[in-house]
Amino acid sequence: MELNKDSLKIDKEILHSLAFELLQKDIPNYAKVTLIQICGMNQVKPDQVRPILRDILKNSKETQLKVSAIAALGEYGNRNDLAVIDLYSKSSDVRLRTAAVTAIKQHIK
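Notes on the structure follow. (Residues numbered from 1 in each chain as written. Predicted model: local features only at pLDDT ≥ 70, side-chain atom pairs only at ≥ 80, totals over all residues. Heavy atoms only, no water.)

1. Description of the nonpolar core
Then, in step 1: In terms of nonpolar packing, the biggest core is built from 28 residues, with Leu23, Ile36, Cys39, Val49, Leu53, Ile70 and Ile85 touching the most fellow members.
Then, in step 2: For this core, the leading source of residues is helix 4 (residues 63-76), giving 7 residues.
Then, in step 3: Residues in contact with isoleucine 70, not counting those within four places in the same chain, are Leu57, Ile85, Tyr88, Leu96, Ala99, Ala100 and Ala103. (Core = buried A, V, L, I, M, F, W, Y, C linked by side-chain atoms within 4.5 Å. Buried < 20%, exposed > 50% of the residue type's maximum accessible area, 1.4 Å probe, protein only. Helix = DSSP H or I, 4+ residues; strand = E, 2+ residues; numbered from the N terminus. Contact = heavy atoms within 4.5 Å.)

Below, the structure is given as structure tokens:
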């Protein structure tokens, strides 16, 4: 059996819509990290994803999930997000601090 590369192509619109839909569901945090990255890298529905990311920063205790949310807000957050991101730039957790500093630099570009 031969693998056809064309059969492996995924429609980006379908992927983005699926990522956004799944991000809103009660799924494991490790899956949400990947979905946030997909949404962030592709700026999937930024106006709809931002509130989800803000909610994660406000309510989640999971560091890696917060790091992903900070990175995504760095990609397409707005001025309102800078104040929250700035709080994390002073975090004692190096992972959160590094993500925040990078996100702030992306806003300044």
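Next, the rest of the story.
2. Topic: helix 4
Then, in step 1: Taking 1.5 Å per residue as the helical rise, helix 4 with its 14 residues ought to reach 20 Å, and the 20 Å between its terminal C-alpha atoms agrees with that figure.
Then, in step 2: For helix 4, a buried count of 11 out of 14 residues is recorded, marking the element as mostly surrounded by other parts of the structure. (Expected span 1.5 Å × (residues − 1).)

3. Quick word on helix 3 (residues 46-59)
An α-helical turn contains 3.6 residues, so a residue and the one three or four places further along point in the same direction.
Then, in step 1: Taking 1.5 Å of rise per residue, the 14 residues of helix 3 would be expected to cover 20 Å, and the 20 Å separating its terminal C-alpha atoms lies within 8% of that figure.
Then, in step 2: When we look at burial in helix 3, the residues that qualify are Val49, Arg50, Ile52, Leu53, Ile56 and Leu57.
Then, in step 3: Where helix 3 is buried, its residues touch helix 1 (12-23), helix 2 (29-42), helix 4 and helix 5 (79-88).

4. Focus: the side chain of lysine 66
Then, in step 1: Turning to its location among the elements, lysine 66 is positioned in helix 4.
Then, in step 2: Despite its burial, lysine 66 pairs with no opposite charge, the nearest such side chain being aspartate 93 at 9.1 Å.
Then, in step 3: A distance of 3.1 Å separates a polar atom in the side chain of lysine 66 from the backbone oxygen of serine 60. (Lys, Arg positive; Asp, Glu negative; His and termini not counted. Salt bridge = Lys/Arg side-chain N within 4 Å of Asp/Glu carboxyl O. Polar contact = N/O pair within 3.5 Å; in protein donor to acceptor, adjacent residues only side chain to side chain.)

5. Considerations on the pattern of salt bridges
Pairing is possible between side chains of opposite charge, provided their charged atoms come close.
Then, in step 1: Taken as a whole and judged by the stated rule, the model has 4 salt bridges.
Then, in step 2: Between arginine 50 and aspartate 47 there is a salt bridge, with its nearest N and O atoms 2.8 Å apart. Separated by 3 residues within a single helix, arginine 50 and aspartate 47 lie in helix 3, roughly one turn from each other.
Then, in step 3: For arginine 50, a relative accessible area of 13% translates into the label buried.
Then, in step 4: For aspartate 47, a relative accessible area of 59% translates into the label exposed.
Then, in step 5: Residue arginine 54 pairs with aspartate 81 through a salt bridge whose shortest N-O separation is 2.6 Å. Of this pair, arginine 54 sits in helix 3 while aspartate 81 sits in helix 5, and the two are 27 residues apart along the sequence.

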